[in-house]
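# Analysis of the macromolecular model
Residues per chain are reported as follows:
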Amino acid sequence: MISPFTIHISDERISAIRSKVAAYDWAQLPDAGGWSAGVGVNDLKRLVAYWLDTYDWRAVEQRLNRLPNFKTDVEGEGIHFLHAKGEGMRPPVLLLHGWPGSYLEFERLIDPLVADGHDVVIPSLPGFAFSQPITGVLGPRRIGELMHVLMTRLFGDRRYFVQGGDWGAAIASWMAYSQPDALLGFHLNMVSVLAKGVEPTTLEEKDLFKRRAEILDWETGYNHEQETRPQTLGVALAGSPVGTAGWILEKFGKWADLGKTANGSPDIWSKFSEDELLTNIMLYLAPSSVVTSTWIYHGKRLEGSQTFPVGTRIKVPTGVAAFPDPVFLPPPRSFAEKSYNIVHWSEMPEGGHFAALEQPELMLADLRAFIAKIEGGRR
């Protein structure tokens, strides 16, 4: 059963969050200097000041409720999703977000894709935002199965397109592995799952992976914590809205394609507004999903879904928008082709990890080009 869904966070919950934000003791937080050792304290203070003085969740809630929100139970998991209906003449499109993003990353893609004739479906991943509660730890492979059930419930046996970055890319990749006949094609802005044992062979590939390893050594401590000890981390994040804001803000500052300020810190305000960042953060705090959103990392480890089996090559037509993500550097096309049937590859001029949010026009244009290429080949 699919039901319309109205977002409403209780006054008590909003008041409790605000009280904790106001009570945060900044005297406990020494400053190691800018963003040199994690989130910039001054930028976090700016965000929190706006939170207390200006941010209006109720106004945001009204805006979010103007979107076509629905909920359904998919094999025991409560899934929240947007479903914007097109004319039905072109295939449905499933858009999948990651952590620490949300379904709102794709908001500016909805109307153009609907105008093109597509139905657009944007779920909150299980354990994220309003896709609550979940029955336990789920990894990307299992979530891919749930997403396919959702699309089947909505569209029967119609084939569809999938787009994803971050966890959305991993989920889309596993959908192409497990349900290849259901997908017309899938479009990634992060190539994250490869066949086990695939190694870089060319000089370009080896150089890229050497540089990437040096960056990831500094930037993926969060991943190891969320993959191995999400419960312990959850204890800290659940009790501190400012702590959650800092945990998430750091990723936007480090992973987006941003310029630098005079002291070398990321110029986060050049790309994101306080409202934009706080609404994303509130989608973790208000429905109490900050804890369960990290379980997907643990689920990946438990189900062993960080790689495909040895010798796998995905046959579903694959498009890649290689945005210049400053942390998760896109691989050379030659390397991706060892695991995927790459039919479309674009070296994007700008935009980082949160590509649909940072550069919606570029993402939309590339997704449209990929879809057109696949549809043209079917005629």
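Residues numbered from 1 in each chain as written. Predicted model: local features only at pLDDT ≥ 70, side-chain atom pairs only at ≥ 80, totals over all residues. Heavy atoms only, no water.

### Structural notes on the UniProt feature "domain: Epoxide hydrolase N-terminal" (unreviewed entry) in the protein chain
Going by this rule: UniProt positions are given in the numbering used here, feature names are shortened, and annotations may be inferred rather than shown by experiment. By the criteria applied, helices consist of DSSP H or I runs no shorter than four residues and strands consist of E runs no shorter than two, each listed in order from the N terminus.
Sites flagged by UniProt as "domain: Epoxide hydrolase N-terminal" (unreviewed entry) map to residues 2-106. End C-alpha to end C-alpha, residues 2-106 measures 22 Å, and it is 31% helix and 20% strand.

### Comments concerning helix H3 (residues 57-64)
Since the α-helix packs 3.6 residues into each turn, any two residues three or four apart lie on the same face. For clarity, the cut-off: Residue burial is assigned from relative accessible area. The probe radius is 1.4 Å, only protein chains are included, and a residue is buried under 20% of its type maximum, exposed over 50%, and partly exposed in between. Each C-beta atom gives one direction from the helix axis, and the arc is the one those directions make. The criterion used for residue contact is that any of the two residues' heavy atoms lie within 4.5 Å. Here a polar contact means two N or O atoms within 3.5 Å. Within protein one must be a hydrogen donor candidate and the other an acceptor candidate, and residues neighboring in sequence count only if both atoms are side-chain atoms.
Of all the positions in H3, only Trp57, Val60, Glu61 and Leu64 are classed as buried. The buried residues of H3 occupy an angular sector of 100° when projected down its axis, which confines them to one face. The inward-facing, buried residues of H3 abut helix H1 (11-22), strand E2 (69-74) and helix H11 (274-285). Where H3 begins, the side chain of Asp56 points an oxygen toward the backbone nitrogen of Arg58, at a separation of 3.1 Å.

### Quick word on the pairing of E2
As a general feature of sheets, a regular strand has side chains that alternate between the two faces. The line we're drawing: DSSP calls a pair of strands paired once it identifies at least 2 bridges connecting them.
In this structure, strand E1 (residues 2-4) lies alongside E2, joined through three bridges in antiparallel fashion. Looking at the pairing, Ile2 lines up with Thr72 of E2. Taking the residues between adjacent antiparallel strands as the criterion, E2 and strand E3 (residues 77-84) are bridged by two residues, where Glu75 takes a positive phi near 50°.

### Topic: the side chain of Ser339
By secondary structure assignment, the location of Ser339 is in the loop between helix H13 (333-336) and strand E11 (340-347). We classify Ser339 as buried; its relative accessible area is 0%. A distance of 3.0 Å separates the side chain of Ser339 from the backbone nitrogen of Ala195, its partner in a polar contact. Ignoring anything within four residues of it in the chain, the contact list for Ser339 reads Leu194, Ala195, Val198, Thr312, Arg313 and Ile314.

### Here we look at the packing of helix H10 (residues 241-255) against H11
In helix packing, the relevant descriptors are the interaxial angle and the interaxial distance, both defined with respect to the helix axes. Rules: Interaxial angle, 0 to 180 degrees, is taken between N-to-C directions of lines fitted to C-alpha atoms, where a helix line uses only the stretch in contact. Any angle that falls under 35 degrees is termed roughly parallel, while one over 145 is termed roughly antiparallel, one within 65 to 115 roughly perpendicular, and all others oblique. Crossing handedness: left-handed means the near helix sits turned counterclockwise from the far one by under a right angle, and right-handed means the same turn made clockwise. Note that Gly is not counted as nonpolar here; it falls among the polar residues with everything else outside the nonpolar set of Ala, Val, Leu, Ile, Met, Phe, Trp, Tyr, Cys and Pro and the charged set of Asp, Glu, Lys and Arg.
Here H10 crosses H11 at 125°, and the two axes come no closer than 10 Å. Here H10 lies oblique to H11, going by the angle between them. Note on packing geometry: the crossing formed by H10 with H11 is right-handed. In contact with Pro241, Thr244, Ala245, Ile248, Leu249 and Phe252 of H10, H11 contributes Leu277, Asn280, Ile281, Tyr284 and Leu285. Partitioning the contact of H10 with H11 into residue classes produces nine nonpolar, two polar and no charged.

### What to know about the side chain of Glu274
Turning to its location among the elements, Glu274 is positioned in helix H11. Classification of Glu274 as buried rests on a relative accessible area of 14%. Apart from residues no more than four positions distant in its own chain, Glu274 is found in contact with Arg46, Leu47, Tyr50 and Trp269.

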